[in-house]
Amino acid sequence: MYVYDEDIINARLNEIKNDFINCYENTFACYAGKAFLIKYMAELVKNSGLGLDVVSGGELMTALKANFPAEKIEMHGNAKSADEILLGVKSGVGRFIVDNPDELKILSEISRANNFTANILLRVSPAVNAHTHSHIATGHKNSKFGFPAEGEMLNDAVKFSMNDANINLTGLHFHVGSQLFDPIDHIQGLEKIIKVILRLKRDLDFTTQELNFGGGLGAVKNPNLKSVALKNFVSPLMEILERECKVHNLLRPKAIIEPGRWIISEAGIMLYTVENVKYLPEIIYVAVNGGMADNPRIALYGAEYDAININNLNGNSMTVKNNNIPVSIVGRCCESGDILIERSNLNEARRGDVIAIYNTGAYTFSMAGNYNKLLRPAVVFVKNGEAKLKVERQTYEELLNGEL
């Protein structure tokens with residue numbers, strides 16, 4: 001079962017307002033829904049006054065069903081289908097983050113056919129090699145995301161947009177990567193984007209009215225570690241942006257951020273039931289009733305977690321008790337790589353115990369599948385001691401729905 005602490009989520013949303021939106025004029029923030037998006041989460045974001053970033057028709061429909069204001073939605077994605085673009089146009093989303101020349105042309109055609117003016121940002125790849133796993137680095141030179149900062153592709157897109165009656169180009173977007181604990185990569189990205197802004201102003205007389213820094217702030221493994229403070233990222237970025245705009249006599253563009261994992265990850269835990277404990281001569285396996293089907297992050301890019309045995313909080317460490325034999329918490333999927341924690345300091349466990357894994361709020365439910373025909377777990381929110389079911393546990397009938 002996925003469990004979320006609503007107070008932690010609201011505290012992060014308030015931190016964004018207090019340390020960014022209320023600190024600097026002409027700013028805004030959107031929650032990156034790809035980290036975790038259900039209708040109830042969309043309602044929490046809506047109530048906070050923040051915007052929402054979606055990357056698919058499914059995420060957009062989730063937001064719309066939660067009555068999220070379309071003008072506060074920005075639509076991302078590097079391979080949007082024509083149907084998804086049409087849904088965004090008909091819904092009246094506030095911003096399209098355009099990734100490539102083909103998308104720009106299709107968006108123009110669909111907007112023209114529907115008498116719609118699409119507000120857009122062009123996503124730019126700043127050629128920054130972020131200090132993170134290669135699978136979650138997005139701003140490097142040969143990234144699949146965005147227009148290269150150098151070359152004619154970006155210039156051509158700006159010229160096309162400026163001359164198109166159904167396209168309103170308001171600015172630029174960049175994102176360097178995810179799970180970052182230091183702002184250095186964001187700073188390098190911003191410095192390169194400022195050069196792009198100056199070049200576009202000089203060569204095309206284009207004024208960047210909005211600049212989206214993306215997201216990427218990291219989340220810690222467990223509650224004993226100090227969380228990343230938002231102001232440690234946004235303060236240096238805003239200082240550089242305001243300084244450079246003043247130096248070059250530019251109107252400072254509206255600054256936008258898109259945190260996702262940072263808002264939701266540390267608010268979530270995953271609860272598993274122990275199915276068996278297998279003692280081998282050189283390793284101990286604690287096998288649980290879930291795994292990579294409900295959390296593929298470990299297999300995808302080596303995500304690290306910590307866990308506790310709720311039924312034995314004050315007991316002895318299995319590793320220590322068994323002469324330092326390593327303990328691995330493993331899933332039930334038919335893959336050798338279905339390992340939730342490679343080396344765990346778990347207290348002694350037995351069949352029926354409940355294991356809680358920290359920091360599973362982001363990219364777990366949203367990435368989950370039905371490998372081995374396993375059922376999707378339930379989602380529960382907790383506030384003031386009250387548990388509220390927000391996504392029902394999947395049934396076998398629901399699993400097979402649509403099969404002919």
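Analysis parameters
Residues numbered from 1 in each chain as written. Predicted model: local features only at pLDDT ≥ 70, side-chain atom pairs only at ≥ 80, totals over all residues. Heavy atoms only, no water. Helix = DSSP H or I, 4+ residues; strand = E, 2+ residues; numbered from the N terminus. Buried < 20%, exposed > 50% of the residue type's maximum accessible area, 1.4 Å probe, protein only. Contact = heavy atoms within 4.5 Å. Axes fitted to C-alpha atoms, helices over the stretch in contact; angles between N-to-C directions. Parallel < 35°, antiparallel > 145°, perpendicular 65-115°, else oblique. pLDDT = per-residue confidence, 0-100. Pairing = 2+ DSSP bridges. 1 Å grid on protein atoms, 1.4 Å probe; cavity = no way out; pocket = protein on both sides within 12 Å on 5 of 7 lines; lining within 4 Å. Points joined across faces, edges and corners; volume = space filled by probe spheres on them. Nonpolar A, V, L, I, M, F, W, Y, C, P; charged D, E, K, R; others polar. Salt bridge = Lys/Arg side-chain N within 4 Å of Asp/Glu carboxyl O.

Draft legend 1. Representation of the environment of Leu 200. Positionally, Leu 200 belongs in helix H7 (residues 184–204). Given a relative accessible area of 0%, Leu 200 falls into the buried group. Spatially, the C-alpha atoms of Leu 200 and Lys 159 are 9.8 Å apart, while their sequence positions differ by 41 residues. If sequence neighbours within four positions are ignored, Leu 200 has contacts with Asn 155, Val 158, Leu 172, Asp 205 and Phe 206.

Draft legend 2. Just the packing of helix H5 (residues 101–113) against helix H6 (residues 152–162), in detail. One way to put it is that H5 packs onto H6 with a least axis distance of 10 Å and a crossing angle of 10 degrees. Viewed along their axes, H5 and H6 adopt a mutual orientation that is roughly parallel. Across the interface between the two elements, Pro 101, Leu 104, Lys 105 and Ser 108 of H5 pack against Met 153, Ala 157, Phe 160 and Ser 161 of H6.

Draft legend 3. Spotlight on the confidence of the model for the protein chain. The predicted model of the protein chain has a mean per-residue pLDDT of 94, with 97% of residues at 70 or higher. Confidence drops under pLDDT 50 across residues 130–137; counting only partners more than four residues distant or on other chains, this segment forms 21 contacts.

Draft legend 4. Region of the structure containing the pairing of strand E18 (residues 386–391). Sheet analysis places strand E17 (residues 379–383) next to E18, joined by five bridges and oriented antiparallel. Note on E18: the bridge partner recorded for Val 379 is Val 391.

Draft legend 5. Representation of empty space enclosed by the protein. In total, this model carries two cavities of 30 Å³ or more according to the counting rule given. There is about 60 Å³ of room inside the largest cavity. Lining the largest cavity are His 186, Phe 213, Gly 214, Gly 215, Leu 217, Leu 230, Phe 233, Val 234, Leu 237, Ile 257 and Pro 259. If you trace the second largest cavity, you find it lined by Gly 291, Met 292, Asn 295, Ile 298, Ala 299, Gly 337, Asp 338, Ile 339 and Leu 340. Those elements giving two or more residues to the lining of the second largest cavity turn out to be helix H10 (297–301) and strand E15 (339–341).

Draft legend 6. Local environment of the layout of surface pockets. Of the voids in this model, the second largest pocket is the one considered here, and its volume is about 390 Å³. The wall of the second largest pocket is formed by 19 residues, among which Asn 289, Gly 290, Leu 375, Pro 377 and Arg 393 lie closest to the centre. Take the lining of the second largest pocket: its biggest share by element is four residues, from strand E11 (residues 268–279). Considered class by class, the residues forming the lining of the second largest pocket number 10 nonpolar, four polar and five charged.

Draft legend 7. Region of the structure containing the pattern of salt bridges. Taken as a whole and assessed by the stated rule, the structure comprises 17 salt bridges. For Arg 199, the salt bridge goes to Glu 150, with nearest N and O atoms at 3.8 Å. With Arg 199 in helix H7 and Glu 150 in the loop between strand E7 (147–148) and H6, this pair connects stretches of sequence that are 49 residues apart. We classify Arg 199 as buried; its relative accessible area is 12%. Among the residues examined, Glu 150 registers a relative accessible area of 62% and is labelled exposed. A salt bridge links Lys 321 to Glu 348; the shortest N-O distance between them is 2.7 Å. Here Lys 321 is found in helix H11 (residues 318–321), whereas its partner Glu 348 is found in the loop between E15 and strand E16 (354–357), with 27 residues between them in sequence. The class of Lys 321 is partly exposed, set by a relative accessible area of 48%. In the salt-bridge network here, residues are joined through shared partners; they are Lys 221, Glu 304 and Asp 306.

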